[in-house]
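Reading the structure
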Amino acid sequence: MIPFAADITIRRRDRRTWNLWIPLAVVWLLLLPLAILLLPVILIACLVRDVDPACAIAALWRILNSLDDTEIDVDKPEMSFSVHLY
Amino acid sequence: MNENRRRILEMLAKGQISADEAERLIAALEKEPAPTTAAASGSETPPKPKPKYLRVQVEEQKTASAHGPSVVNVRVPLQLLRAGVKLASIIPEQARDHVNGALHDRGVGIDIGQIRPENLEEIIDQLDDIVIDVDKKSEKAKVRIFCE
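Residues numbered from 1 in each chain as written. Chains lettered and ligands numbered in written order. Predicted model: local features only at pLDDT ≥ 70, side-chain atom pairs only at ≥ 80, totals over all residues. Heavy atoms only, no water.

Overview of the interface of chain A and chain B
In many reports, interface size means the accessible area that the parts give up when they come together. Taken together, the contact pairs 21 residues of chain A with 22 residues of chain B. Summing both partners gives a buried area of about 1800 Å² for chain A against chain B, and 59% of it is carried by carbon and sulfur. On the chain A side of the contact with chain B, A:Ser66, A:Glu71 and A:Pro77 bury the most area, a combined 25% of that side's loss. Between B:Arg75 and A:Asp69 there is a salt bridge, and its shortest N-O distance comes to 3.0 Å. At the boundary of chain A with chain B, the tally comes to six residue pairs in polar contact (both at pLDDT 80 or more). Where the side of chain A that touches chain B is concerned, the elements lending two or more residues are helix H2 (53-66) and strand S3 (70-75) of chain A. When its residues are assigned to classes, the side of chain A that touches chain B shows nine nonpolar, three polar and nine charged. With five bridges joining them, S3(A) and strand S2 (residues 70-77) of chain B adopt antiparallel strand pairing. By the bridge assignment, A:Val74 is partnered in S2(B) with B:Val72. (Contact = heavy atoms within 4.5 Å. Buried area = accessible area lost by both parts, 1.4 Å probe. Salt bridge = Lys/Arg side-chain N within 4 Å of Asp/Glu carboxyl O. Polar contact = N/O pair within 3.5 Å; in protein donor to acceptor, adjacent residues only side chain to side chain. Helix = DSSP H or I, 4+ residues; strand = E, 2+ residues; numbered from the N terminus. Nonpolar A, V, L, I, M, F, W, Y, C, P; charged D, E, K, R; others polar. Pairing = 2+ DSSP bridges.)

Some details on a negative patch on the surface
A surface patch of like charges, here negative, comprises A:Asp50, B:Glu93, B:Asp97 and B:Asp111. Relative to the elements of secondary structure, A:Asp50 occurs in the loop between helix H1 (24-48) and H2. When its relative accessible area of 72% is taken as the criterion, A:Asp50 is described as exposed. (Patch = residues over 30% accessible without salt bridge, like charges linked within 9 Å, V, L, I, M, F, W, Y side chains within 5 Å. Areas by Shrake-Rupley, 256 points an atom, 1.4 Å probe, with all protein chains shown as cover. Lys, Arg positive; Asp, Glu negative; His and termini not counted. Charge placed at Lys NZ, Arg CZ, Asp CG, Glu CD. Buried < 20%, exposed > 50% of the residue type's maximum accessible area, 1.4 Å probe, protein only.)

Digging into helix H5 (residues 93-105) of chain B
Given a rise of 1.5 Å per residue, 13 residues ought to cover 18 Å, and the 18 Å separating the end C-alpha atoms of H5(B) matches this to within 8%. Just beyond H5(B), the residue with positive phi is B:Gly107, at close to 85°. (Expected span 1.5 Å × (residues − 1).)

Examining a nonpolar patch on the surface
All names here are of chain A. A contiguous nonpolar patch, built from Leu31, Leu34, Leu37, Leu38, Leu39, Val41, Ile42, Leu43 and Ile57 and spanning about 740 Å² of accessible area, is present on the exposed surface. Ranked by residue count, the leading element in the nonpolar patch is H1, at eight residues. Within the secondary structure layout, Leu38 lies in helix H1.

Focus on the nonpolar core
All names here are of chain B. If you look at the biggest cluster of nonpolar residues, it comprises eight residues: Leu54, Val76, Leu78, Leu80, Val85, Leu120, Ile124 and Cys147. Of all the secondary structure elements, the ones that give two or more residues to this core are helix H4 (78-88) and helix H6 (117-126). Element by element, the count of residues in this core is highest for H4, at three residues. (Core = buried A, V, L, I, M, F, W, Y, C linked by side-chain atoms within 4.5 Å.)

Some details on the packing of H2(A) against H4(B)
For the pair H2(A) and H4(B), interaxial distance at closest approach is 8 Å and the crossing angle is 165°. When the axis of H2(A) is compared with that of H4(B), the two are roughly antiparallel. As for how H2(A) packs across H4(B), the hand of that crossing is left-handed. In this structure, H2(A) uses A:Ala59, A:Arg62, A:Ile63 and A:Ser66 to contact H4(B), whose residues at the interface are B:Gln79, B:Leu80, B:Ala83, B:Gly84, B:Lys86 and B:Leu87. (Axes fitted to C-alpha atoms, helices over the stretch in contact; angles between N-to-C directions. Parallel < 35°, antiparallel > 145°, perpendicular 65-115°, else oblique. Left-handed = near helix turned anticlockwise from the far one by under 90°.)

Observations regarding helix H1 (residues 2-14) of chain B
Taking 1.5 Å per residue as the helical rise, H1(B) with its 13 residues ought to reach 18 Å, and the 18 Å between its terminal C-alpha atoms agrees with that figure. The first or second residue beyond H1(B) is B:Gly15, which carries a positive phi of 85°.

From the geometry alone we can't say anything about function, so treat these as descriptive.
Put into structure tokens, the structure is as follows:
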């Protein structure tokens with residue numbers, strides 16, 4: 001399933017912390033018209049490069065679906081940053 | 001179980017037992033649990049659960065710096081890698097040749113066009129816990145890759 005939300009935490013050395021919760025469902029809805037507009041461009045690019053557009057779109061959709069439950073944590077002395085998609 | 005059944009059939013062929021007795025013996029064999037699995041169930045460890053995530057941990061210690069180490073911890077679902085392998089199959093031939101050429105230049109002799117989902121499953125099965133120590137002049141790093 002595509003991730004519907006993201007938790008982003010940024011913590012600085014001076015212990016200031018920012019917690020951000022992003023509803024990705026809204027982001028996907030906002031990007032949907034853009035994706036529809038870009039669809040002809042993607043189709044033309046696939047035809048030019050001799051790539052099956054259906055396979056390409058299916059592969060991208062699979063990648064998007066696989067992002068659920070991804071975690072990235074970067075912990076440096078100056079700051080730490082973490083992202084959790086779910 | 002097959003060995004016992006074969007013995008019963010041999011005895012039947014030699015006339016040592018009748019057909020009814022052979023049938024009863026075979027039915028009794030099928031009813032009782034296999035001795036190896038029954039004995040081993042108490043002592044063997046349960047099968048390893050199928051891993052769902054790939055975790056990559058990088059710990060970098062800059063020797064010149066007085067601050068602590070930098071740690072990067074990434075957890076990605078294995079589904080993402082499987083989807084990525086399938087994406088590799090639709091890469092145009094020109095791009096694939098370019099990538100293969102770059103990999104060969106760096107001493108990595110693999111063809112990304114030949115990577116199949118089965119290859120990834122084999123790697124996941126064998127990937128228990130890999131630790132790579134990187135030792136440069138001014139920094140040391142430890143990279144740990146494992147499935148969980």
